[in-house]
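So the chains spell out like this:
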Amino acid sequence: MKRTTLDLWVGIFVVAGIGALLFLALKVGNMGAFDSGATYAVNAHFDNIGGLKPRAPVKSAGVVVGRVGEILFDTKNYEAQVVLDIDGRYRFPADSSASIMTSGLLGEQYIALEAGGDPKMLQPGDSLKLTQGAVVLENLIGQFLYNKADEAAAGGTQE
Amino acid sequence: MLDGITRSLRAIGHRVIFSIWRMGVATRFFWLTLLQSGIVLRRPMLVIKEIFSAGVLSLIIILVSGLFVGMVLGLQGYDTLQTYGSEEALGILVALSLVRELGPVVAALLFASRAGSAITAEIGLMKATEQIAAMEMMAVDPVARVVAPRFWGAVISMPLLAALFSAMGIFGGYLVGVVLIGVDEGAFWSQMQAAVDFRDDILNGVIKSVVFGVAVTIIALFEGYDAPPTAEGVSRATTRTVVTSSLAILALDFILTAFMFHGV
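Just so it is clear, the model here is predicted, and its values are computed rather than measured.

Engineer: Is there a simple way to explain empty space enclosed by the protein in this structure?
Structural biologist: Any empty space left between the atoms is revealed when a probe the size of a water molecule rolls over them. With the rule as written, the count across this model stands at 1 cavity of 30 Å³ or more. A volume near 80 Å³ is recorded for the largest cavity. Contributing to the lining of the largest cavity are Leu21 and Leu24 of chain A together with Val99, Pro104, Pro159, Ala162, Ala163, Ser166, Ile202, Gly205, Val206 and Ser209 of chain B. Counting residues per element, the ones that place at least two in the lining of the largest cavity are α1 (5-28) of chain A together with α5 (90-128), α7 (142-181) and α9 (198-226) of chain B. Each residue belonging to the lining of the largest cavity can be placed in one class, and the counts come to 9 nonpolar, 3 polar and no charged.

The structure is reproduced here in structure tokens:
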């Protein structure tokens, strides 16, 4: 069979189209993830991660220093286990603390890493001791209402 | 006076009956095309040639428009989202609007005006220069030789073009949102990946583009095949192809969206 340039162009077109479909499926849809650069993994346990998602940023002093790698459920303590992939260029003291924050009122959630004072540095695979989970808005409102009610009751007995 | 009213009523009735009659002929033509599709397997070179003229030659317009549509979505979306401090949702906005709606619909509209009009003009001119009649004389079925390969070439090209349009648009949104404005790259992709579902969004978009491809192509083929064999007839048929298929795309899009996303 004779091969023509027309075949070549149609081939390029079909390959590009299928490539675009794969791009949509893998990169845009939720069927895979990629990462680049050297990172080291650190574990952190949270009682509640709220709406944290894989690949959310890990920030220290507002600078992105890594990404959330994996989110697992630890059946031993019934806690969320989050694997943080931290950029190899940045080292943190072993007693650093992690907390889940929200950027903006409706914004995405990220992990804020607060450096400690330990001379020893975090090693790959270490676990962070000090963590603070996401703030659940409903609990916060509930607490606020209880406090108000307590105050009102206390004020009532004094009078 | 009364005579004028009767005449205008008669004209309206004639137009209605004429369009219904044409609709019937078009359906029979569609059925005939499907019946004659065996040639696609027997002589695949014919289809490859049509994929070239319908798909490859439409690549530039699809890629460039996709890029610009995505860039505009990035700019407009950022402008609105930053009011609520949720610029990171830009990825979701760009990807969902492209994959669900803009990709299939705009690509099909461009396809109708770029490839559909070309198909109509080509077949209309073949008819005007009596090439179709000559084929019939030689006992070559023009539906099998001319119509069916064009139909399958265009129907295969359409979903690929729509996917390229969406991919290019998302790249354009990324270019404006992340590279130019500075939305966080990880949040852009991660929120997009969390929100876009393969079956619900991407697959439904592909189904849409296949349906649009069938509709546009059959309208273009029928208008060309049915065109009066004159210069004026071919030009009017080409115009009608673009208008009718654009309307068909938008109407079908509403019906398909109502079926696919009624729960959303």
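Having put the structure on the table, let's press on.
Engineer: Help me understand the nonpolar core, please; the structure alone is not making it clear to me.
Structural biologist: Side chains of nonpolar character tend, in soluble globular proteins, to be buried together. Judged by nonpolar contacts, the single largest core of 73 residues is most densely connected at Phe13 of chain A together with Phe111, Ile170 and Met192 of chain B. Beyond its immediate chain neighbours, meaning those up to four positions away, Met192 of chain B contacts Val28 of chain A together with Gly91, Ile92, Ala95, Ile170 and Ala187 of chain B. The next biggest cluster of nonpolar side chains, apart from the first, holds 22 residues, and it includes Leu84, Phe92, Ile100 and Leu122 of chain A.

Engineer: Help me out: how do you make sense of the layout of surface pockets in this one?
Structural biologist: Residue and element names in this part refer to chain B. Roughly 810 Å³ of volume is contained in the largest pocket. Lining the largest pocket are 23 residues, with Arg22, Met23, Phe222, Glu223 and Thr244 positioned closest to its centre. Those elements giving two or more residues to the lining of the largest pocket turn out to be α1 (2-35), α9 and α10 (231-260). Its residues placed into classes, the lining of the largest pocket shows 13 nonpolar, 4 polar and 6 charged.

Engineer: Is there a simple way to explain the packing of α7 of chain B against α9 of chain B in this structure?
Structural biologist: For any two helices packed against each other, the geometry is given by the interaxial angle and the distance between the axes. Residue and element names in this part refer to chain B. Put simply, α7 and α9 touch, their axes get as near as 8 Å, and they point 150° apart. By the criterion of interaxial angle, the relationship of α7 to α9 is roughly antiparallel. As α7 runs across α9, the sense of the crossing is right-handed. Contacts between α7 and α9 pair Pro142, Val143, Val147, Arg150, Phe151, Ala154, Val155, Met158, Pro159 and Ala162 from the former with Val206, Ser209, Val210, Gly213, Val214, Thr217, Ile218, Leu221 and Tyr225 from the latter. A per-class count over the contact of α7 with α9 returns 15 nonpolar, 3 polar and 1 charged.

Engineer: Can you walk me through the domain arrangement of chain A in this structure?
Structural biologist: By convention, interface size is frequently given as the accessible area that disappears when the constituent parts associate. You can read the domains of chain A as domain 1 (1-31) and domain 2 (39-137). The gap between the C-alpha centroids of domain 1 of chain A and domain 2 of chain A is 40 Å.

Engineer: Looking at this model, I keep getting lost on the pattern of salt bridges. Mind explaining?
Structural biologist: When their charged atoms lie close together, side chains carrying opposite charge are able to pair. Enumeration according to the criterion identifies 13 salt bridges over all chains in this entry. Notably, a salt bridge pairs Glu151 of chain A with Lys148 of chain A, separated by 3.8 Å at the nearest N-O pair. Residue Glu151 of chain A and its partner Lys148 of chain A are located together in helix α2 (residues 137-158), separated by 3 residues, close to a single helical turn. Residue Glu151 of chain A is classed as exposed on the basis of its relative accessible area, which comes to 52%. Exposure remark for Lys148 of chain A: the relative accessible area of 43% places this residue in the partly exposed category. Overlapping salt bridges, with partners in common, bring together Arg22, Glu223, Asp226 and Arg240 of chain B in one network.

Engineer: Looking at this structure, how should I read the confidence of the model for chain B?
Structural biologist: Per-residue pLDDT for chain B has a mean of 91; in total, 99% of the residues score no lower than 70. Considering each helix and strand of chain B separately, the mean pLDDT is smallest for helix α8 (residues 185-195) of chain B, with a value of 84, and largest for helix α4 (residues 59-81) of chain B, with 94.

Engineer: How do you make sense of the interface of chain B and chain A when you look at a structure like this?
Structural biologist: Taken together, the contact pairs 36 residues of chain B with 31 residues of chain A. Across the chain B/chain A interface, buried area totals approximately 2900 Å², and carbon plus sulfur atoms make up 76% of it. Looking at the side of chain B facing chain A, the largest losses of area belong to Leu160, Trp189 and Gln193 of chain B, adding up to 20% of the total buried there. Applying the counting rule to chain B against chain A returns 1 salt bridge. A salt bridge links Arg67 of chain A to Asp184 of chain B, with the shortest nitrogen-to-oxygen separation between them at 3.4 Å.

Engineer: For this particular structure, what's the right way to read the sheet that holds strand β2 (residues 57-60) of chain A?
Structural biologist: Adjacent strands of a sheet form backbone hydrogen bonds with each other and so pair up, either parallel or antiparallel. Strand order in the open sheet formed by 8 strands is β7-β1-β4-β3-β2-β6-β5-β8 (chain A), and the pairing between neighbours is mixed. Every other strand in the sheet has two partners, leaving β7 (127-128) and β8 (130-132) of chain A as the edge strands with one partner each.

Engineer: Honestly, the pairing of strand β1 (residues 39-46) of chain A in this entry has me stumped. Any pointers?
Structural biologist: Within a regular strand, the side chains alternate between the two sheet faces. Residue and element names in this part refer to chain A. Counting buried positions along β1 gives 6 out of 8 residues, so the element sits mostly inside the fold. Pairing analysis gives 8 bridges linking β1 to strand β4 (residues 79-87), with the strands arranged antiparallel. Note that in β4 the partner of Thr39 across the bridge is Asp87. Taken together, the 2 bridges between β1 and β7 define a ladder with parallel strand orientation.

Engineer: Which parts of the structure should I look at to understand the side chain of Asp74 of chain A?
Structural biologist: Residue and element names in this part refer to chain A. Secondary-structure assignment places Asp74 in strand β3 (residues 63-74). Here Asp74 occupies a buried position and makes no salt bridge, while the nearest side chain of opposite charge, Lys76, is found at 5.7 Å. Polar side-chain contacts of Asp74 include one of 3.0 Å to the backbone nitrogen of Lys76. Those residues within four positions of Asp74 in sequence are excluded, and the remaining contacts are His45, Glu79 and Gln81.

Engineer: Is there a simple way to think about the packing of aromatic side chains in this case?
Structural biologist: Two numbers describe a pair of aromatic rings. These are the distance of the centres and the angle of the planes. Summed over the entire model, instances satisfying the criterion amount to 11 aromatic pairs over all chains. An angle of 90° between the planes, with centres 5.4 Å apart, marks the rings of Phe188 of chain B and Trp189 of chain B as edge-to-face. Residue classification places Phe188 of chain B among the buried residues on the basis of a relative accessible area of 0%. An aromatic cluster is present here, built from Phe23 of chain A together with Phe171, Tyr174, Phe188 and Trp189 of chain B joined pairwise through their rings.

Cut-offs used in this document
- Residues numbered from 1 in each chain as written.
- Chains lettered and ligands numbered in written order.
- Predicted model: local features only at pLDDT ≥ 70, side-chain atom pairs only at ≥ 80, totals over all residues.
- Heavy atoms only, no water.
- 1 Å grid on protein atoms, 1.4 Å probe; cavity = no way out; pocket = protein on both sides within 12 Å on 5 of 7 lines; lining within 4 Å.
- Points joined across faces, edges and corners; volume = space filled by probe spheres on them.
- Helix = DSSP H or I, 4+ residues; strand = E, 2+ residues; numbered from the N terminus.
- Nonpolar A, V, L, I, M, F, W, Y, C, P; charged D, E, K, R; others polar.
- Core = buried A, V, L, I, M, F, W, Y, C linked by side-chain atoms within 4.5 Å.
- Buried < 20%, exposed > 50% of the residue type's maximum accessible area, 1.4 Å probe, protein only.
- Contact = heavy atoms within 4.5 Å.
- Axes fitted to C-alpha atoms, helices over the stretch in contact; angles between N-to-C directions.
- Parallel < 35°, antiparallel > 145°, perpendicular 65-115°, else oblique.
- Left-handed = near helix turned anticlockwise from the far one by under 90°.
- Domains from an automatic or database assignment.
- Salt bridge = Lys/Arg side-chain N within 4 Å of Asp/Glu carboxyl O.
- pLDDT = per-residue confidence, 0-100.
- Buried area = accessible area lost by both parts, 1.4 Å probe.
- Pairing = 2+ DSSP bridges.
- Lys, Arg positive; Asp, Glu negative; His and termini not counted.
- Polar contact = N/O pair within 3.5 Å; in protein donor to acceptor, adjacent residues only side chain to side chain.
- Phe/Tyr/Trp six-rings, centres within 6.5 Å; stacked < 30°, edge-to-face > 60°.

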